[in-house]
Amino acid sequence: MSRWLLRVLGLSYLAVLLAAPVGLVFWRTFEHGFGPAWDAVTTPAAKHALYLTLLIAAIAVPANTIFGIVCALAIVRYRFRGKGIVNALVDLPLALSPVVVGLAYFLLYSRNGWFGGWLTDHGIQVVFALPAMVLVTIFVSLPFVVREVVPVLHEIGTEQEQAASTLGASPWQTFRKVTLPAIRWAVAYGVVLTTARALGEFGAVSVVSGHVVGKTETMTLHVEESYQAFDYTGAYAASFVLALIAISTLVLMSLFKPKEETR
Amino acid sequence: MSFVTAYLSLIVLLPLAALVWKSADAGRTGFWDAVTDPQAVAALKLTLVVSVAVSLINAVFGTIVAWILVRDRFWGQGVVNAIIDLPFALPTIVAGLTLLALYGPNGPVGIDVAFSRAAVLVALLFVTLPFVIRTVQPVLLELDREMEEASASLGAGPLRTFRYIVFPNLFPAILSGVALAFARAVGEFGSIVLISGNLPFKTEVASVFIFGRIESGDPAGAAAVSVVILAISFAALLGIGALRRWRTRHDRV
């Protein structure tokens, strides 16, 4: 009896909050058939938005992957002053409002900001252009690789690394041949999370992008712009693309997760 | 090492320093005026109240969902388990549009919460759904069932066993999930912006208020309220860290 009650309670909560809305968006996208939806995601504005989103992710994800591995190694393998501060700064993007992040970058790089004046004088436009959009995306997707790699590094210990260096391996060889293979699934998992976050960022990018259609508009901004312009098919179709990416992320996560657990 | 410091300084520290600096631009009175502006106070109050509410609602339903995922067996359980993380993976603006499609003016079920405080609640429930489930689930998996069997064999009913045996073991995990959900809810923007209508004094949350101030050319006012949000986020992170340390100590005993 209580078993059924709990099952019904839990599953209805998920249905009402999660399954029904997401299912409805899929249905709305193809309400008028496949043609209009396809036309909506192949307009020049939509195609450029997709291109820009992928370009930003293509810069932000490798940057945060390299940083993530180096930072995790620093946190686990080295003792240094201010480790607590480094840990706190790495976690901060998880908790901070994206709008606040966008504002911080806006203040730093806009014309009256600390760097903005000098950069503008030298012909470099950061705010309302690609550089600021890339920088805020790096900020919001920064923690994931670090947070996935740190526990694995703790777990594998240093014995194999020490053995490698006693046998004459250089630090780089030790990293390439011993450390990297051990953490590769954690890195892959972190990269998937970083990519999902980078592709889906909205608030921070919204503040620093300037919303120029066909120029500084990403997929998420395109969704909002289409919706505000009463182009519901366009908004739903672009959302559908983003939702498909999100679902592929979940599939990739479930592929990487078991391997990580049985290492 | 210097690479880590340089990267963190450039990406995280410098922009936040610029933010704090700007909020101090107008002096102490200017800062105080900006954060005690009635519209700002209303936005901050709504944000905090709704964030606490969604954390508590998800504490209850998150524990129930974690329970049926671990202790129950039913058809389609794997799929249910997989879609729990969807709110993490789905871009927030898509989450907002999704909820608007079902619970908005043109929704098929006749429930229209758009432009009301209920809309803010629904949006935040959606984006914070996974936190409690994902913190409670592993603890429940590890939990030794012998204790519960002992309790039952000594004549305790299911409720009594849950109250005195299961709940105390889950409590630290539930609390961690609540803290994570709260931290996430306080800063949420994308999922709220379409469905809440952003009505000042009614449905405007802190992030939307800050966004509005930036758009209307008042970066100092935006920065002042941002510093308040920054402080809350920091406090939430410290709380989460303290909980994590408490839980690992708890585990060792």
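Position labels on residues start from 1 in each chain and follow its written sequence. All chains are assigned letters beginning at A, and all ligands numbers beginning at 1, according to the order in which they are written. Residues qualify for local features only when their pLDDT is at least 70, as the model is predicted, and side-chain atom pairs are given and counted only at 80 or more; totals for whole chains, interfaces and linings, by contrast, use all residues.

## Here we look at the nonpolar core
Soluble globular proteins tend to bury their nonpolar side chains together.
Then, in step 1: Among the nonpolar cores identified, the biggest contains 168 residues, and L103 and V136 of chain A are the most heavily contacted of them.
Then, in step 2: Numbered from the N terminus, helices here are DSSP runs of H or I no shorter than four residues, and strands are runs of E no shorter than two. Sorting elements by how many residues they give to this core places helix α7 (residues 117–142) of chain B first, with 13 residues.
Then, in step 3: Split by domain, the residues of this core number at least three in each of domain 1 (1–30) and domain 2 (33–261) of chain A.
Then, in step 4: A pair of residues counts as a contact when their C-beta atoms, built from backbone coordinates, are within 7 Å of each other. With residues near it in sequence (within four places) discarded, V136 of chain A still touches V101, G102, Y105, A204, V205 and V208 of chain A. Connectivity within a nonpolar core runs through C-beta atoms within 7 Å, and the core itself is a set of buried Ala, Val, Leu, Ile, Met, Phe, Trp, Tyr and Cys residues. Remark: C-beta atoms are placed from the backbone, and a residue is labelled buried if 20 or more other C-beta atoms sit within 10 Å of its own, exposed if 12 or fewer do, or partly exposed between those counts. Marked domain ranges trace back to an automatic or database domain assignment.

## Remarks on the interface of chain A and chain B
Then, in step 1: Taken together, the contact between chain A and chain B spans 64 residues of the former and 59 residues of the latter.
Then, in step 2: Among the elements that take part in the side of chain A that touches chain B, helix α1 (residues 2–29) of chain A stands out by supplying 17 residues, more than any other.
Then, in step 3: Only Asp, Glu, Lys and Arg are considered charged in this grouping, and only Ala, Val, Leu, Ile, Met, Phe, Trp, Tyr, Cys and Pro are considered nonpolar; every other residue, Gly among them, is considered polar. Looking at the side of chain A that touches chain B, its residues break down into 49 nonpolar, ten polar and five charged.

## Some remarks on the domain arrangement of chain A
All names here are of chain A.
Then, in step 1: Once the domains are mapped, chain A shows domain 1 (1–30) and domain 2 (33–261).
Then, in step 2: On the side of domain 2, eight residues touch domain 1, which itself brings six residues to the contact.
Then, in step 3: Taken together, the residues of the side of domain 1 that touches domain 2 sort by class into four nonpolar, one polar and one charged.

## Topic: the confidence of the model for chain A
Then, in step 1: Mean pLDDT over chain A: 90, with 97% of residues reaching 70 or higher.
Then, in step 2: Confidence, read as mean pLDDT per element, is least for helix α13 (residues 232–261) of chain A in chain A (83) and greatest for helix α7 (residues 130–140) of chain A (96). The pLDDT score gives, residue by residue, the confidence of the prediction method on a 0 to 100 scale.

## Remarks on the environment of D85 of chain B
Then, in step 1: By the secondary structure assignment, D85 of chain B is in the loop between α4 (77–83) and α5 (86–89).
Then, in step 2: When the C-alpha positions of D85 of chain B and F131 of chain B are compared, they lie 9.0 Å apart, and in sequence the two are 46 residues distant.
Then, in step 3: Residues in contact with D85 of chain B, not counting those within four places in the same chain, are L250 and M253 of chain A together with P130 of chain B.

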